[in-house]
Protein chains: 2
Amino acid sequence: MTDDALVIFTPSGKRGRVAKGTSVLHAARQLGVDLDSVCGGRGICSKCQVSPGYGEFPKHGVHVGPDALTQINAVEERYDRVRGLKPGRRLGCQACVQGDVVLDVPPESQVHRQVIRKSASERAMDMDPATHAYYVEVAEPNMHEPSGDFQRLADALEAQWGIKGLASDLQVMRVLQPVLRKGDWKVTVAVNDDGTGALPRIVALWPGLRDAPLYGLAIDLGSTTIAGHLVSLADGRVLASSGLMNPQIRFGEDLMSRVSYAMMNPGGDVEMTRAVRDALGQLAAALVAEAGVDAGAVVEASVVCNPVMHHLLLGIDPVELGQAPFALATGEAQNLAASEIGLGNLAPAARAYILPLIAGHVGADAAAVALSEAPETRDDLSLIVDVGTNAEILLGNRTRVLACSSPTGPAFEGAQISSGQRAAPGAIERIEIDPVTKEPRFRIIGNDHWSDAPEFGTPTITGICGSGIIEAVAEMRMAGIVDPSGLIGSAEQTGTARCVSTGRTHEYVIHDGSPDGPRITVTQGDIRAIQLAKSALYAGARLLMDEMEVDKVDRVVLAGAFGAHISPKHAMVLGMIPDVVLDRVISAGNAAGTGARMALCARSARRAIEAQVKRIDKIETAIEPRFQEHFVAANAMPHASDPFPELAKVVALPDVSFNSGGSGDGGGGRRRRRG
Amino acid sequence: MTDDALVIFTPSGKRGRVAKGTSVLHAARQLGVDLDSVCGGRGICSKCQVSPGYGEFPKHGVHVGPDALTQINAVEERYDRVRGLKPGRRLGCQACVQGDVVLDVPPESQVHRQVIRKSASERAMDMDPATHAYYVEVAEPNMHEPSGDFQRLADALEAQWGIKGLASDLQVMRVLQPVLRKGDWKVTVAVNDDGTGALPRIVALWPGLRDAPLYGLAIDLGSTTIAGHLVSLADGRVLASSGLMNPQIRFGEDLMSRVSYAMMNPGGDVEMTRAVRDALGQLAAALVAEAGVDAGAVVEASVVCNPVMHHLLLGIDPVELGQAPFALATGEAQNLAASEIGLGNLAPAARAYILPLIAGHVGADAAAVALSEAPETRDDLSLIVDVGTNAEILLGNRTRVLACSSPTGPAFEGAQISSGQRAAPGAIERIEIDPVTKEPRFRIIGNDHWSDAPEFGTPTITGICGSGIIEAVAEMRMAGIVDPSGLIGSAEQTGTARCVSTGRTHEYVIHDGSPDGPRITVTQGDIRAIQLAKSALYAGARLLMDEMEVDKVDRVVLAGAFGAHISPKHAMVLGMIPDVVLDRVISAGNAAGTGARMALCARSARRAIEAQVKRIDKIETAIEPRFQEHFVAANAMPHASDPFPELAKVVALPDVSFNSGGSGDGGGGRRRRRG
């Protein structure tokens, strides 16, 4: 009989011999098996549960006898009595190896577990958070050896958990002494080790054993809205989501007007910084309240944003981002005290991670999309588009990834459209125009059925949102109401009285305002605004394709809330995106938010995107002469010269032209506006 | 003819062979010679000047020919024309070695120079500051390679100066972009490398070459007063000194009443923290204004203080320091952003270093004294006493150093004394009592001559300060007015009408109030207060001597402003300090302030005191039973049992006793107070 035994862990398959009498927890550590523990083997946290298998295991070539582990001991009995242990489970810190054994580590006992979510739209998160909880027993102070409480806590963390060279934050010093005494020198400590080589640091501590998850915030800081998710750092689950308007809107709707505000108003950048930091604090408070968790257990935040928001959040005047060469003050990932960016209402020394920027016009939000969609892991060529006021565009595959930003303007968000509005109840989000009768049917947000105009119900129709205007223009093109150049035909040319003259041009009436509600039309100006936006988007994509030396892509990924609502067919009819097999146009949902969550939950994701951002080839549209050529050529719908064979397989676009000047209604040139 | 040459640097004596054509600056770096340079060899900063010697150098065994260095070049000529080069000097970055040469590095070209000051009282500082200035030329931004300005600056610092892995502070990010542009991508950067292994960090930057010193603040944060020195980090010179009252006095005169304030008033510690941080900011502003330097060039601060002030400065509730076991939250040296402790008005990311605490009652001020006086470097045994509201006492030599704190109370500072006052104009600071006539003569602060009472001039006499009361009591003892037990004799017993009855006891009238001014006396209560204070001090010293197993010390060092004014003879007559050869009682001046300056000027000093604090054996007087015994035995003047042979050689103390009860003036027990 030998003094050691074979131990095989599943599902990892890791195996090795350990001395008999070794605890399962120690065996796991010796063999590099991912088995959780908060209390460090004191039998109180129950994180280290395993399921031993008994009998024959031909696959592993072992026989596990009934005495392979020590008998259930008093600690396990008490734990089972007080808190309940699932049948067949053992505490890894109590059960000791006596013979060859096969031990299954259930998912909840794994630190780096991958959590599979039921909702298909919600991404499974790889868990490798920077912050972990550790239970420690600290030596009491002693007048003969007057070391500080912090030093004794640091000594305990080193002796009991091997955590060395702890940095100290004043915020933790402030709460240290009462917590140590309240816990009678036994405390649970949250330690952040961001994996960059910086010293680990305590971010929070609690008296006694704290047997509850730590939390993090994933924040998508947009120019218009700020969205946040409260995430469990145990499993990556989203416990609450909330959003608020970016209060910087009062300084300028779009980024460039905010940059101008900073340039024109001394101290204007400071005002905007204060506003956005205050908003982050409010968002954090709202999320914590919604989830009903202790704000002090929120130990980390991750933030994604565009470069201008990034600089304003960090307190850097964004003036250089308003002019060539669009020099960033810094583009590298930031590891900060969360309190430095307005998140002072979390754990005492909570940390914040800001994803790296890609370039002066391509932000951390685009980096988060790149992290989430990971085109560099695929053989096929992905075009990834995140549409906002600017469109961030990524093109790439396993060999190379390119990025650019294209100034689409806000038309895709319903701004600068005569009946446009943000996506909110009452907005037309879907529309169909009968190619024969030219009559519209539509669906409005907040109402789950299609209506034609007379039937519209509650909520009251109020306007057209971004996805609605794209469908409207595309449907008008498919119904022959708009020609390839973007001109709206007259009633005579189109055969419908819904095309009415507004002087030199025409508009298409979706809803005439009766019996009540606003009159909703698509004007020639609306078509022009959409054409400018879609040309910019297409030109950006085309520029990247030139750089990649390809004429087609294999798939198009539409990211963002907008991308989730857009109809691939309609987008392609407009020529927003290059021709591709229709079912290869997919929505990635809120990919930037997903990327923020990934970076929150796993340091490996941070390292991945930091490395990937350096590898991405950045294309600056503003200085590429071909951008202008592509932009002009992309004005036609879908395009003046590029073929759209895949689109042609599903849609036959009418060959009309209204350029010869169908007369208007002879009116005096007064253009009717909404309302 | 060989391709290399022998280069000998003086005064270091470092020598070695370098390839001909090597610049003197490079040769110095190769040979590890301390030769300064800010511009990195561009011929613009002039820090690298050397004086070549020509001819025979028998001591070094070389002959230096006239062509040992390259001829003066255009850069040196221009420099000499524009800014002037001392005769015989060369710029080390321009002059290249052509043959064997002896090169003297003048003190101003040495980075780690020791600066010899004219004033004997001012300590020469070893210079090894954590922050140095570097001139760098930074690559301009480029739309094709959109790295951040900070990254390009970091790259330049690495390429041009070998500084790797720069940490970034938001405060620097805020000023980075305009300074780079103003300097046309040439900037001088102040980089702090605190030598702890933490990443180096930029603390300030200026456009172009900044050819002026960096500055630091050395702050001695006392319970009552806060003193600060503005110091040049080029040579350690003090450019301005200033002080202000600690505004926390309004929360309590002494430390324990401040601790009580924090305990009794929720948020009281936060109030006190804010008050002291505000005061530091004011002090910094005053120093910068007085010295007329740019606040933005003040890149560091060092702070010494007692443990309660330390915790309050760091924002830690000091409640644990008010009760056994007097547990510190942290005692280790702190490296912080200066803005965290109220010094937000210096260089953008200025740093602060707080010296380590020794124990719960023995602070960073005592550590600074230990650094300044360095008893561990001496063979003889030093007793070092820093007298304030508490006395910090160090005893040690090369073999061992001990420390304790003793609760002397504020009597030595003139508090709790009937006519006591702080040292300020009008206070009696020196006093003599004629042993025959028992008549006093005194000197008051602000008046440089001795007076007897009728002659006192301006400023008006107002009271007795700490050193004055010690002299008064000791002179009374020497003149036979007070007996060894501390009793004041009656007029009959002492033979002077200045001893008047106050009921059951007597008082000695120093000044009767005529022609004007207050009546100033030493009461029996004053004697008792001084006895309590001196007994505590002596008992603390004696406890350390017991621990050291010695009966006598070789020298006594009196530190602090008080120590500078105290008369060794009088202190020994009282029995404040153990018997020692009188001329071995020396004043160290403001040793705590000197220690703060040393830590400000040299990282080596920081490492030295951090290591030394760990080696010092801490004695807690509160739990040593012998402390009470020593305290009681020390009540007599000079002592009930310990012999004072050295004192006896210079002073014969009258053998009087008033214990048998010389009657008072029969008054009704009303004690007269100052009025």
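Residues numbered from 1 in each chain as written. Chains lettered and ligands numbered in written order. Predicted model: local features only at pLDDT ≥ 70, side-chain atom pairs only at ≥ 80, totals over all residues.

Turning our eyes to something else, we now look at the overall build of chain A. Looking only at helices and strands, one finds 17 helices and 29 strands in chain A. In terms of overall dimensions, chain A has C-alpha extents of about 100 × 65 × 50 Å along its principal axes. Expressed as a percentage of its 675 residues, the buried residues of chain A come to 53%. Within chain A, contacts between residues separated by at least 24 positions form 68% of all contacts whose residues are at least 6 apart in sequence. (Helix = DSSP H or I, 4+ residues; strand = E, 2+ residues; numbered from the N terminus. Buried ≥ 20, exposed ≤ 12 C-beta atoms within 10 Å, placed from the backbone. Contact = placed C-beta atoms within 7 Å.)

Superposition of chain B onto chain A requires a rotation of 180 degrees combined with a translation of 0.0 Å along the rotation axis, giving an RMSD of 0.1 Å. Here the two chains are linked by the operation of a two-fold rotation axis. Taking the C-alpha atom as reference, chain B places B:Ala198 closest to the rotation axis, 4.1 Å from it. (Least-squares fit on C-alpha atoms with pLDDT ≥ 70 in both.)

One frequently used descriptor of interface size is the decrease in accessible area upon assembly of the parts. Listed by partner, the interface residues are 35 residues for chain B and 35 residues for chain A. Taken together, the elements giving at least two residues each to the side of chain B that touches chain A come down to helix H3 (149–161) and helix H4 (170–182) of chain B. Per-element accounting of the side of chain B that touches chain A gives the leading share, 5 residues, to H4(B). Here the side of chain B that touches chain A is built from residues that sort into 17 nonpolar, 11 polar and 7 charged. (Nonpolar A, V, L, I, M, F, W, Y, C, P; charged D, E, K, R; others polar.)

For the rest of this paragraph, the subject is the domain arrangement of chain A. As assigned here, chain A comprises domain 1 (4–109), domain 2 (131–207), domain 3 (215–354), domain 4 (367–409 + 530–650) and domain 5 (412–523). The C-alpha centroid of domain 5 of chain A is placed 66 Å from the C-alpha centroid of domain 1 of chain A. (Domains from an automatic or database assignment.)

Residues and elements named next belong to chain B. By the element assignment, Ser405 lies in strand E19 (residues 401–406). Considering only alpha carbons, one finds Ser405 and Ser23, 382 residues apart in sequence, at a separation of 56 Å. Ignoring anything within four residues of it in the chain, the contact list for Ser405 reads His361, Val362, Asn390, Ala391, Glu392 and Thr621.

This part is about the sheet that holds strand E10 (residues 201–207) of chain A. Residues and elements named next belong to chain A. As summarised here, the arrangement of the 3 strands in space is E8-E9-E10, forming an open sheet in which the pairing is antiparallel. The two strands at the open ends of the sheet, each matched to only one other strand, are strand E8 (131–137) and E10. Taking each pair of neighbouring strands and ignoring which way they run, the sheet shows an average axis angle of 25 degrees. Pairing geometry for strand E9 (residues 186–192) and E10, over 6 bridges, is antiparallel. Within E10, the position partnered with Val191 by the bridge is Ile202. Its contacts with the sheet put helix H3 (residues 149–161) on E8 and E9, and the angle it makes with E8 is roughly 100 degrees. (Pairing = 2+ DSSP bridges. Axes fitted to C-alpha atoms, helices over the stretch in contact; angles between N-to-C directions.)

Moving on, we come to the sheet that holds strand E12 (residues 225–232) of chain A. Residues and elements named next belong to chain A. Across the sheet, 6 strands lie side by side as E13-E12-E11-E14-E16-E15; this open sheet has mixed pairing. Looking at the sheet topology across the chains shown, the edges are occupied by strand E13 (238–245) and strand E15 (334–337). Across the sheet, the mean angle from the axis of one strand to that of its neighbour is 20 degrees, orientation sign disregarded. Each of strand E11 (215–221), E12, E13 and strand E14 (298–305) is contacted by helix H6 (residues 268–291), which is oriented at about 145 degrees to E13, the strand it contacts most. Helix H14 (residues 591–601) contacts E11, E12, E14 and strand E16 (351–354) of the sheet and is inclined by roughly 150 degrees relative to E11.

This part is about unusual backbone geometry. In this structure, the amide linkage connecting A:Met637 to the following residue, A:Pro638, adopts the cis form with an omega of -5 degrees. Looking at the secondary structure, you find A:Pro638 in the loop between helix H16 (625–633) and helix H17 (645–650). Geometrically, the link from B:Thr10 to B:Pro11 is a cis peptide bond, its omega value of 5 degrees lying close to zero. Looking at the secondary structure, you find B:Pro11 in the loop between strand E1 (4–10) and strand E2 (15–19).

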